[in-house]
Each structure stands twice: as structure tokens, then as C-alpha cells.
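Geometric and topological summary
Chain by chain, the residues:
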Amino acid sequence: QVQLVESGGGLVQPGGSLRLSCTASVSLFSFNTLAWYRQAPGNQRELVASRLRYGSPRYADSVTGRFTISRDNAANTLNLQMNSLKPEDTAVYYCNAVDSRGISQWGQGTQVTVSS
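The following refers to the structure shown. Keep in mind that what you see is a predicted model, and the values were worked out from it rather than measured.

Ranked by internal contacts, the top residues of the largest apolar core, which has 27 residues, are Trp 36, Val 48, Phe 67, Leu 80, Met 82 and Tyr 93. At the level of elements, strand S3 (18-24), strand S4 (31-39), strand S5 (46-52), strand S7 (67-72), strand S8 (77-82), strand S9 (91-99) and strand S11 (110-114) are the ones that each hand at least two residues to this core.

See below:
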């Protein structure tokens with residue numbers, strides 16, 4: 001059973017930064033797609049950033065230029081660096097990984113709250 005464990009969420013003031021991490025119980029090379037999603041209260045879960053095994057990262061328009069997705073293969077960890085945070089970034093952030101069979105795995109989520 002693959003496990004994805006997120007960390008790094010918390011409370012931050014507008015304009016601040018947070019770094020989220022997602023550590024997998026298996027090698028990141030086990031997955032074709034790695035991504036971060038978020039879900040705010042009353043909203044649907046939305047894609048924030050993604051990385052295919054090969055190719056450039058992709059970002060939602062709302063976070064382009066502020067968020068950076070990266071991977072540390074040696075540590076089996078997917079990161080999301082979030083800068084210039086806004087109140088509308090407040091949500092539960094989820095790590096997602098899809099393998100070559102199309103099976104999708106989710107982490108438990110980590111809360112990010114942007115408020116003064």
C-alpha cells in the first residue's frame with residue numbers, strides 16, 4: 001500500500017511563504033504524474049501544480065509565478081514552495097500521485113491558512 005504523507009502547512013500572514021512536502025513510501029519514479037491539489041470550504045478540489053515524469057511543470061493560472069513544484073528523488077519527496085501567499089490560497093492541500101496503471105494515490109491533506 002503506497003502512502004503519501006504531507007507536511008508543512010500552517011498559518012501565515014498575507015505575503016508570506018510556506019513550503020509543503022509530500023513524502024512517498026516508494027520511489028517517485030513509480031509514478032507518471034505527481035501533483036498538488038487544494039480544496040477550500042464549499043469548493044471543489046482543484047489542481048494547483050503538476051509534474052509529469054518527463055516534462056515541464058504546469059501551474060494553475062492563480063498560482064503561476066508564486067508557487068513552485070519540485071521533487072527530491074533521493075528523499076522520495078514532492079515539494080510545493082508557496083510565496084506571496086494570499087487569503088484566497090487558504091485551503092487543504094493534497095498531494096497526488098498517479099502510476100502507470102492510472103491508479104491515483106492521495107495524501108491525507110495539510111491545512112494552509114493565510115490570514116492577518
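Following the criterion strictly, the structure yields 1 disulfide and no others. Across the disulfide from Cys 22 sits Cys 95; the S-S distance is 2.1 Å. Between Cys 22 and Cys 95, the S-S dihedral sits near -75°, and the bridge is therefore left-handed. Taken together, the residues Cys 22 in strand S3 and Cys 95 in strand S9 connect sequence positions 73 residues apart. You'll find Cys 22 and Cys 95 in the same group, each marked buried.

Okay, the pairing of S9 next. Of all 9 residues making up S9, 7 are buried, and the element is well covered by its neighbours. Taken together, the 8 bridges between S4 and S9 define a ladder with antiparallel strand orientation. Paired with Phe 31 across the strands is Asp 99, a residue of S9. Direction of pairing for S9 relative to S11: antiparallel, over a ladder of 3 bridges. Note that in S11 the partner of Val 92 across the bridge is Gln 111. Bridge analysis of S9 against strand S10 (residues 104-106) gives 3 bridges, and the strand direction is antiparallel. Looking at S10, one finds that Ala 97 is bridged to Gln 105.

Parameters at a glance
- Residues numbered from 1 in each chain as written.
- Predicted model: local features only at pLDDT ≥ 70, side-chain atom pairs only at ≥ 80, totals over all residues.
- Heavy atoms only, no water.
- Core = buried A, V, L, I, M, F, W, Y, C linked by side-chain atoms within 4.5 Å.
- Buried < 20%, exposed > 50% of the residue type's maximum accessible area, 1.4 Å probe, protein only.
- Helix = DSSP H or I, 4+ residues; strand = E, 2+ residues; numbered from the N terminus.
- Disulfide = S-S within 2.5 Å.
- Pairing = 2+ DSSP bridges.

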